[in-house]
Amino acid sequence: MAANYQHLRAFHAIALEGSVTRAARRLNVAQPTLSQQLKALEERHGVSLFESRRSPLKLTSAGNGLFALTERLFAAAADVDDMLGEVVSLNGGSLRIGGDCPPQVARMVARFRACNPAARVQVRMGNARETMRWLAEAEIDAAITSDPPVDSQFTYDPLYSDHLSVALPADHPLTALETTPIERLGEETLLIREATSKTRAFTEQALDSAGIEVRETLELQSRETIREAVALGLGVSVFFSSECPPDPRIVYRRLSGQVRERPLHGYLVCQQDRGEAR
C-alpha cells in the first residue's frame, strides 16, 4: 500500500519538532489538519508512530524506523529540486508564483520572463494568508507578499515598500489639492475592502491614529470593484500606491495631515531549502 506523501511530510515535521503545535507552525497549516494527517497515516498502515500524544512526543520503534526513512526521502527530494532547477535554467522549465499584490507579481513575472523566455509561468493570486499557505504546502514555488509572518522554514528577500494613497473621482473637489488631508476623509463615503484586507487594516490604523471617524463606509470585495465604484462617484477609497493604475476617471493623491502611517514592506518568499535553487 503506497504511503501518502502529505501524510509522510506531516509525520516528518512532527518528529523533527517533537510537537504537533510547532510542526503545524513550521508547515504553516492548521494543527487539527496535521493531527488528522498523522492519524490517517497510522490507521492506513496499522501502526503507532508515537508513544503518546503528549509533548514532548517520543517515537515508537516503528516511528524511529520511519523517521530514518523520511530523512532520506526529504533530503533526496531537495536534491531532486536542485538538479531539476539546473535543468530548468537551461531548458525553460516552469515557475509557479503566488502573491497578494497583482502589480508586483506582474513586474516579477516580466523580469523572470526576460531572463527565461522559454519558461512557463503559472500565477495564483490571493490574500497574504492564502499565499503563505500555498507556499508551505508546495503548491507554488515562490510568493510575493506583504509583511508576511516570520517563519524559519522560509527565506525573505525584500522587494518594495509602499504607502497609502487616496483614490478620488476625477471631478471631486479634493483633486484640486496636491495631497489629501486625512481629516477630510471623515466627511466622505469611504469604500473599503473585506475585513481580512491589509489595505483596510492600514487605512483603519491611520484613521484611528488621527482620531478620524468616517461618516459612512461601503464594503466591497475587490480592488477592481472599488476602483470602478470610485470612478462612478460612489465614494472615495484608499489604496497602496502600487495598486493605482492609470484611469482618466480617477485621481490619486497621497495622504497628508495627522498621518501616523507605517510603510508596507513586500518580500519574495521561498522555502528555506529552495532559496538557492536555480
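For the structure given in this document, a descriptive report is provided here. Note that the structure is a prediction, hence the values are computed from the model and not measured.

### Observations concerning the environment of S237
Okay, step 1: Take S237: it is sitting in strand β9 (residues 236–240).
Okay, step 2: Through-space distance from the C-alpha of S237 to that of R223 is 9.8 Å; in sequence the pair is 14 residues apart.
Okay, step 3: With residues up to four places along the chain from it excluded, the contact list for S237 reads S165, V166, A167, L190, L191, I226 and V230.
Okay, step 4: Of note is the side chain of S237, whose polar atom sits 2.7 Å from the backbone oxygen of L191.

### Considering unusual backbone geometry
Negative phi is the rule for most residues except glycine; trans is the rule for most peptide bonds.
Okay, step 1: Non-glycine residue A138 carries a positive phi angle of around 60°.
Okay, step 2: Tracing the backbone shows A138 in the loop between α6 (128–136) and β3 (142–146).
Okay, step 3: Given a relative accessible area of 47%, A138 falls into the partly exposed group.
Okay, step 4: Phi is positive for D147, close to 40°, though the residue is something other than glycine.

### Structural notes on the pairing of strand β5 (residues 164–169)
Okay, step 1: In terms of residue burial, β5 counts as a mostly covered element, since six of its six residues are buried.
Okay, step 2: Because side chains alternate across β5, one face comprises the buried residues L164, V166 and L168, and the other comprises S165, A167 and P169, equally buried.
Okay, step 3: The sheet contact formed by β5 and β9 spans four bridges and is antiparallel. For V166, the partnering residue across the bridge sits in β9 and is V238.
Okay, step 4: Where β5 and strand β10 (residues 250–256) come together, five bridges link them in antiparallel fashion. For A167, the partnering residue across the bridge sits in β10 and is Y252.

### Focus: helix α2 (residues 20–27)
Okay, step 1: Among all positions in α2, only V20, A23, A24 and L27 are buried. Taken around the axis of α2, the buried residues stretch over an arc of 100°, which confines them to a single face.
Okay, step 2: Of the surrounding elements, those touching the buried residues of α2 are α1 (5–17), α3 (31–45) and α6.
Okay, step 3: In this structure S19 caps α2, since a side-chain oxygen of it lies 3.2 Å from the backbone nitrogen of T21.
Okay, step 4: Phi for N28, located one or two positions after α2, is positive at around 60°.

### Thoughts on the pattern of salt bridges
Okay, step 1: Within the structure shown, the criterion is met by 13 salt bridges.
Okay, step 2: The salt bridge partner of R133 is E137, with a shortest N-O separation of 3.9 Å.
Okay, step 3: Take R133: its relative accessible area is 35%, and that puts it in the partly exposed class.
Okay, step 4: With relative accessibility at 22%, the residue E137 sits in the partly exposed group.

Calculation criteria
- Residues numbered from 1 in each chain as written.
- Predicted model: local features only at pLDDT ≥ 70, side-chain atom pairs only at ≥ 80, totals over all residues.
- Heavy atoms only, no water.
- Helix = DSSP H or I, 4+ residues; strand = E, 2+ residues; numbered from the N terminus.
- Contact = heavy atoms within 4.5 Å.
- Polar contact = N/O pair within 3.5 Å; in protein donor to acceptor, adjacent residues only side chain to side chain.
- Buried < 20%, exposed > 50% of the residue type's maximum accessible area, 1.4 Å probe, protein only.
- Pairing = 2+ DSSP bridges.
- Arc of directions from axis to C-beta.
- Salt bridge = Lys/Arg side-chain N within 4 Å of Asp/Glu carboxyl O.

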